[in-house]
Amino acid sequence: MGKYQLIYFNVRGRGEATRYLFKDNGIDYDEVNCRENWAKEWKSQMAFGQTPCLKDNDLSLVQSNAILRYLGRKHGLYGSNEEEAAYIDMITEGIEDLRVKYVTMIYKNYENGKEPYVADLPKQLLPFEKLVTKHGDDKSGFSVGNKRSFVDYALFDLLDINVVLAPNCLDDFPALSAFYKAILNRPGIAAYRETEAFKERTINGNGKQ
Ligand code: 0HH
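Per an unreviewed UniProt entry, the protein chain goes by the name glutathione transferase and belongs to Aplysia californica. The UniProt entry for the protein chain carries the following comment under Subunit (unreviewed entry): "Homodimer."

1. A closer look at the UniProt feature "domain: GST N-terminal" (unreviewed entry) in the protein chain
Here, the residues flagged by UniProt with the feature "domain: GST N-terminal" (unreviewed entry) are residues 2–79. With 32% helix and 23% strand, residues 2–79 has its two end C-alpha atoms placed 26 Å apart.

2. Considering the UniProt feature "domain: GST C-terminal" (unreviewed entry) in the protein chain
This chain's UniProt record puts "domain: GST C-terminal" (unreviewed entry) on residues 81–203. What you have in residues 81–203 is 75% helix and 0% strand, and the ends, taken at the C-alpha atoms, are 34 Å apart.

3. What to know about the packing of aromatic side chains
For the coordinates displayed, the defined rule picks out 10 aromatic pairs. Grouped by ring-pair contacts, the aromatic residues Tyr20, Phe156, Tyr180, Tyr192 and Phe198 constitute a single cluster.

4. Let's talk about the domain arrangement of the protein chain
Under the domain assignment, the protein chain is made up of domain 1 (4–76 + 190–200) and domain 2 (82–185). The interface of domain 1 with domain 2 comprises 16 residues on the first partner and 16 residues on the second. Buried surface at the junction of domain 1 and domain 2, summed over both partners, amounts to about 1,400 Å²; 50% is from carbon and sulfur atoms. Sorting the residues of domain 1 by area buried against domain 2 places Arg14, Arg69 and Arg193 first, and these three jointly supply 35% of that buried surface. One salt bridge connects arginine 14 with glutamate 96, and the closest N-O pair in it is separated by 2.9 Å. Counting across the domain 1 and domain 2 interface gives 10 residue pairs in polar contact (both at pLDDT 80 or more). Contributions of two or more residues to the side of domain 1 that touches domain 2 are made by helix H1 (16–24), helix H3 (64–74) and helix H8 (187–193). Of all the elements, H1 adds the most residues to the side of domain 1 that touches domain 2, at five residues.

5. Focus: the sheet that holds strand S4 (residues 59–62)
The four strands lie next to each other as S2-S1-S3-S4, forming an open sheet whose pairing is mixed. Looking at strand neighbours, the two that pair on one side only are strand S2 (29–33) and S4, the edges of this open sheet. Neighbour-to-neighbour, the strand axes of this sheet turn through a mean angle of 20°, independent of strand direction.

Procedures and definitions
Residues numbered from 1 in each chain as written. Predicted model: local features only at pLDDT ≥ 70, side-chain atom pairs only at ≥ 80, totals over all residues. Heavy atoms only, no water. UniProt positions renumbered as here; feature names shortened; annotations may be inferred. Helix = DSSP H or I, 4+ residues; strand = E, 2+ residues; numbered from the N terminus. Phe/Tyr/Trp six-rings, centres within 6.5 Å; stacked < 30°, edge-to-face > 60°. Domains from an automatic or database assignment. Contact = heavy atoms within 4.5 Å. Buried area = accessible area lost by both parts, 1.4 Å probe. Salt bridge = Lys/Arg side-chain N within 4 Å of Asp/Glu carboxyl O. Polar contact = N/O pair within 3.5 Å; in protein donor to acceptor, adjacent residues only side chain to side chain. Pairing = 2+ DSSP bridges. Axes fitted to C-alpha atoms, helices over the stretch in contact; angles between N-to-C directions.

Take a look at the structure:
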């Protein structure tokens, strides 16, 4: 089996949860930066004209959440039973909804949109606080059940980008704070976040955060 390739721009963006999954689980992969020659070489190769793209031998997979689900199935990171997998999917879709709000504000309306976005953040984060409390284990950093799953990395990245935007946004959410800390302190994640590769990537393509 060849090594995975992650084709993406040199930003955290929609690639970061997959990078966390690789790093935390000791899975080797090659990073391919598609920024140069994006329009000429890469874009037409992508099923929806966008990246991230995961290559696994003959498989060429785009859509960041499809990539996470694929790796989740392949590496035993998709819950312990059907019910857990369903909650993992549900939280994944909730994360997607908030990520779309975040990305829209960052790319289309940062100057006027940041303040109302931050004001609305507690309302947006509350469902995740309740879900982790009910279905997961915050101290261990499990969103669902008592086992690592791909959604943990997606939730961690969502919290991380919002903490950069609004440093106190987790203060009133004890479960999310504990969850965030648990993932942050995992050796593979902590070591990765100390690398130049991580530090030199901006969160977003326009440098706003
Ligand atoms: N639903 C998709 C997913 O979840 C959305 C992917 C997406 O928006 O995977 N991809 C964007 C890059 S993410 C894309 O491919 C934002 C990072 C921006 C980095 C700089 C972009 C420079 C572009 C020349 N966008 C490129 C495109 O649509 O042509």
